[in-house]
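# An overview of the molecular structure
For reference, the chains in residue letters:
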Amino acid sequence: MTAFTVSDTLLQGWKVLIVDDETDSAEVVQVLLEMCGAEILIANNGQQGFEYALKHRPQFIVSDLSMPTMSGWKMLEKLKTNPATANIPVIALTAHVQPTDRERAFSAGFHNYLAKPLEPETFVVELLNLLINVPAISEQLNPKIEGPSNGSQ
Amino acid sequence: MNQPPVNNNGEALFSWARRSIGFPLIVAFVLVAMLPVSIAVASSLAQWDRQAHQQIIAQLNSVSDLKAAQIHEWLAEKQSRLGLLLANSKANADAVDSLGPAGDHQALAVEALTQFLTEQVAATDAFDEFFLYDAQGKIWVSTAARQVGKNVVAEPYYKASLTAKSVQSPFYEVSSADLNMIVSQPVVDARGQTLGVLAGRANLAELSNTMTQRSGLGSSGETYLVSLENNYLVTASRFEGYPLTQAYHSQGIDRVLSGQSGSGVYVNYRGVQAIGVYEWLPEIHAGLVAEIDEVEALSPINASRTFSIIVATIAGILGVALGLGVTFWLTRPLRDLTRTAAAITTGDYTQRAAVTRQNEIGQLAAAFNKMTANLVQTIDELNQRIEEIRQAKEAARAKEVFLATMSHELRTPLNAMIGFLGIMGMSGKLDARNTHMVQRTRANAERLLALINDILEISRLEAGRQQLVSEPIHIRDLVEKLQSQMDVLAETKGLKFAVEVGEEVPDTIYTDQDALTKMITNLLGNAFKFTDQGSVTLKVSSAADTFKIAVSDTGVGIPVHLHQVIFESFRQVDGSSTRAHGGSGLGLSIVHQLCKAMNGAVTLTSQPGQGSTFTVSLPLVTAQAVEPQLEQVV
């Protein structure tokens, strides 16, 4: 299914913003993405997340939903209303796993949704699969795609 | 007249009449009070009137009869007196001689007779004058000297007087310019030849005296004689201004002068409404009338009539007053009741109607109070129920929120644990022993996660919040996939794992794939968990409207008495086996709840030591559900 192979250089040169008040959770994602060569920015709440996004323009954002100071929902709203950040895809990564939470996340404008706890072995693949329909990401991934099934899903 | 004081406002009156039972009550009272009184008064008045008239007429008749008798007597006395004069031989001879041939003898006879007659006039009031005339009407002798020599041929009595004793009815005599009444008797000689007539002028004043005696006729009653000639009065009126010589008319006068006798109510000669009785007296050719003013005659009746009307009016007023009083008295508890009902309607349930009477209205008030009490009790009970439901809902919601929160809070550390453990495993820097420990730690973390998921799942199912869909699934593909997942486990435990799908089972079945998968997975997981040797079999079959999924094992089995409780949450065969076999104990419970939610059932056949078979039966749907209307048409 995947159009790419995970490697320590897959995300070379990428900036990824992780927004989570739980430093352990953030660190797990950080380590997994750094294993693929990405440059990681970590924000502890929505407000900080928004500021980093505006300042560093990451390729995508992985954000928790429930956070002090500013929630993931509020941050998404701010990102969407700002033209500079409106097109940055945001993946919700949350321990809220009620069926309604997923629907709420999509209708709020999150690009996609992943439930905690994540599967460390497959996390990166899952994450990038959710993002492959974003042209900017798909273009960056393409040169690294290997295998016969070029670009197809 | 019998209405309450709502003047100049008919609408208000109609409105009152419509809204209040007072109106019919008052009408009823007035009718009850007035009708009999009115009928009694009216009928007695009519009867009294008739009786009074009869009585008056009877009285007038008796008076009239008395007067007629008196007149008759008076007249007879006159005639007999005249007869007595002629019965006197000297007087008779003188009369004959007076009418004889002229000469000394005749002159002597005239002188003697005149003297005799004059003595007779003086001796009695019966006659004013006696006079004697011959067959040619010439007066030869008279007690009034001026009459002598006059002729009576023109007088009305002349002709009749020559043949028999006669009475000339009262008439207006031209010669005397007065009303007169002449009584006469022929004078006959020895040979029976009528020579002349001896006549007496009757004294009418005497008759008048007789007639004007009141005879108990009250202040307006009178009796009078009326003459056939010129309708003159013969006897004087009791009232001033009615001279004798004047034509008088009334129903009574006109009738009696046409010869009738009778009675009647009419306007009399004085222009006054009167009750009268009249009688024709042929011997004097005059009418006798007895009259009394109707007003006087009926005055006692009129007094009674007035009294009766006053009584009836008072009865009517009393009827209205009584009606109003009774209405007020009757409707007072109803008004109280209405007021109480209005108060209760506005939410004041402490109000109670006063039960002041034992009658129907009192019973109504008591029933109303009982109803209100029941109402209050019902409302209390309902409020209590609502509160209970509210609390239950709140508790359910609190439980759900708690579970959602706990789920979130448990997942967060598990996320870090599983994540770091995974990263450690991927690092490739652990030796075999450490790798094993990391794997075991990871497996336990996963088990914890499964437990959390099961708890969430069962609480959602028990709250009825599980949303199920009907989607087409390929049951053979699904079973194959599950088999490949479970093969690893079977191999690890050294168990035989067989899968059978009956030929009769359709390729496509409509059901909820997630739920079905979960049920099969749970049943298989359960079977593998409790089976240490032998086999596990998954068998899919179908009938007309159900399809069945049976999972059999050759494990420890379950005692019969536990077949029911096994599907309850957190149950395993015994507490100790929880530790021996692990697991949350929620798997079967989830299967049971999912079956219920999908209109199916799960059954168990098992003996301890003989293994178990769990069978899930679900409705078989092979086509998308059609519209209910179409279903009815088909």
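Reading the values: rules and limits
- Residues numbered from 1 in each chain as written.
- Chains lettered and ligands numbered in written order.
- Predicted model: local features only at pLDDT ≥ 70, side-chain atom pairs only at ≥ 80, totals over all residues.
- Heavy atoms only, no water.
- Helix = DSSP H or I, 4+ residues; strand = E, 2+ residues; numbered from the N terminus.
- Buried < 20%, exposed > 50% of the residue type's maximum accessible area, 1.4 Å probe, protein only.
- Polar contact = N/O pair within 3.5 Å; in protein donor to acceptor, adjacent residues only side chain to side chain.
- Contact = heavy atoms within 4.5 Å.
- Axes fitted to C-alpha atoms, helices over the stretch in contact; angles between N-to-C directions.
- Parallel < 35°, antiparallel > 145°, perpendicular 65-115°, else oblique.
- Left-handed = near helix turned anticlockwise from the far one by under 90°.
- Nonpolar A, V, L, I, M, F, W, Y, C, P; charged D, E, K, R; others polar.
- Phe/Tyr/Trp six-rings, centres within 6.5 Å; stacked < 30°, edge-to-face > 60°.
- Lys NZ or Arg CZ within 6 Å of the ring centre and 35° of its normal.
- Pairing = 2+ DSSP bridges.
- Buried area = accessible area lost by both parts, 1.4 Å probe.
- Salt bridge = Lys/Arg side-chain N within 4 Å of Asp/Glu carboxyl O.
- Core = buried A, V, L, I, M, F, W, Y, C linked by side-chain atoms within 4.5 Å.
- Expected span 1.5 Å × (residues − 1).
- Patch = residues over 30% accessible without salt bridge, like charges linked within 9 Å, V, L, I, M, F, W, Y side chains within 5 Å.
- Areas by Shrake-Rupley, 256 points an atom, 1.4 Å probe, with all protein chains shown as cover.
- Lys, Arg positive; Asp, Glu negative; His and termini not counted.
- Charge placed at Lys NZ, Arg CZ, Asp CG, Glu CD.

Moving on, we come to the side chain of S606 of chain B. Residue and element names in this part refer to chain B. By the secondary structure assignment, S606 is in strand 15 (residues 601-607). Relative accessible area serves as the criterion here: at 7%, S606 is assigned to the buried category. Looking at S606, its side chain comes within polar contact range of the main-chain oxygen of G611, at 3.1 Å. With residues near it in sequence (within four places) discarded, S606 still touches G557, I558, V560, H563, G611 and S612.

Residue and element names in this part refer to chain B. Interaxial distance between helix 3 (residues 89-98) and helix 4 (residues 104-123) falls to 8 Å at its minimum, and their mutual angle equals 135°. The angle between helix 3 and helix 4 falls in the class oblique. Crossing angle aside, the handedness with which helix 3 passes helix 4 is left-handed. Side by side, helix 3 and helix 4 meet where K90, A91, D94, A95, D97 and S98 of the first sit next to H105, Q106, A109, V110, A112, L113 and F116 of the second. Across the contact of helix 3 with helix 4, the residue classes break down as seven nonpolar, three polar and three charged.

Right, let's talk about the packing of aromatic side chains for a bit. All names here are of chain B. Scanning the entire structure with this criterion turns up 12 aromatic pairs over all chains. Look at Y133 and Y157: their rings are 6.3 Å apart centre to centre, the planes differ by 45°, and that puts the pair in the tilted class. Taken together, the positions of Y133 in strand 1 (residues 127-134) and Y157 in the loop between strand 2 (139-142) and helix 5 (158-161) put the pair 24 residues apart, joining distant regions of the chain. Note on accessibility: Y133 and Y157 belong to one class, buried. Taken together, F131, Y133, Y157 and Y158 form an aromatic cluster joined through their ring pairs. Above the face of the F127 ring, K78 is positioned so that its terminal group lies 5.8 Å from the ring centre.

As a further point, take the sheet that holds strand 7 (residues 262-267) of chain B. Residues and elements named next belong to chain B. Here four strands make up an open sheet; going across it, the order is 6-9-8-7 and the pairing antiparallel. Of all the strands in the sheet, the pair left with one neighbour each is strand 6 (222-227) and strand 7. Strand-to-strand twist in this sheet, taken as the mean axis angle between neighbours without regard to direction, amounts to 30°. Two elements, strand 8 (residues 273-281) and strand 9 (residues 286-293), share eight bridges in a ladder whose sense is antiparallel. By the bridge assignment for strand 9, G276 is matched with E291. Seen against the sheet, helix 2 (residues 22-87) touches strand 6, strand 7, strand 8 and strand 9 and runs at an angle of roughly 35° to strand 8.

A separate point is the interface of chain A and chain B. Contacts between chain A and chain B engage 20 residues on the former and 19 residues on the latter. Across the chain A to chain B interface the summed buried area is about 1,700 Å²; carbon plus sulfur atoms make up 67%. In this assembly, chain A and chain B are joined by two salt bridges. Between R442 of chain B and E121 of chain A there is a salt bridge, with the nearest N and O atoms lying 2.8 Å from each other. Our count for the chain A to chain B interface comes out at five residue pairs in polar contact (both at pLDDT 80 or more).

Moving on, we get to the nonpolar core. Ranked by size, the top nonpolar core spans 44 residues in total, and within it I475, L516, M519 and L524 of chain B carry the most contacts. Elements with a minimum of two residues in this core: helix 11 (432-462), helix 12 (475-493), helix 13 (513-530), strand 13 (535-542), strand 14 (546-553), helix 15 (587-597), strand 15 and strand 16 (611-619) of chain B. Tallying contributions element by element places helix 13 of chain B first for this core, with eight residues. Dropping the residues within four chain positions of it, I475 of chain B is found in contact with V505, P506, D507, I509, L516 and V540 of chain B. Grouped together as the second largest cluster of nonpolar side chains are 31 residues, L33, I91, V134 and I137 of chain A included.

Here we come to helix 13 of chain B. Spacing of three or four residues puts side chains on the same side of an α-helix, whose turn is 3.6 residues. An ideal rise of 1.5 Å per residue puts 26 Å on 18 residues; helix 13 of chain B measures up with 26 Å between its terminal C-alpha atoms. For helix 13 of chain B, the side-chain oxygen to backbone nitrogen distance between the N-cap and D514 of chain B is 3.1 Å, and the N-cap itself is D512 of chain B.

All right, on to a negative patch on the surface then. On the surface, a cluster of negative charge is contributed by E22, D24, E27 and E34 of chain A together with E409 of chain B. The biggest single contributor to the negative patch is helix 1 (residues 23-34) of chain A, with three residues. By the secondary structure assignment, E22 of chain A is in the loop between strand 1 (15-19) and helix 1. Using a relative accessible area of 34% as the deciding quantity, one classes E22 of chain A as partly exposed.

Attention shifts here to the side chain of D20 of chain A. Looking at the element boundaries, D20 of chain A is found in the loop between strand 1 and helix 1. Polar side-chain contacts of D20 of chain A include one of 2.9 Å to the backbone nitrogen of E22 of chain A.

Looking now at the environment of A107 of chain B. All names here are of chain B. Here A107 is to be found in helix 4. Residue classification places A107 among the partly exposed positions, given a relative accessible area of 41%. Sequence separation between A107 and D94 is 13 residues; the distance between their C-alpha atoms is 9.7 Å.

This paragraph deals with unusual backbone geometry. Residue and element names in this part refer to chain A. Put simply, K116 and P117 share a cis peptide bond, and its omega is 0°. Relative to the assigned elements, P117 resides in the loop between strand 5 (112-115) and helix 5 (123-131). For R57, which is not glycine, the phi torsion reads 45° and is therefore positive. Along the chain, the position of R57 falls in the loop between helix 2 (46-56) and strand 3 (60-63). Since its relative accessible area comes to 46%, R57 is described here as partly exposed. For T69, which is not glycine, the phi torsion reads 70° and is therefore positive.

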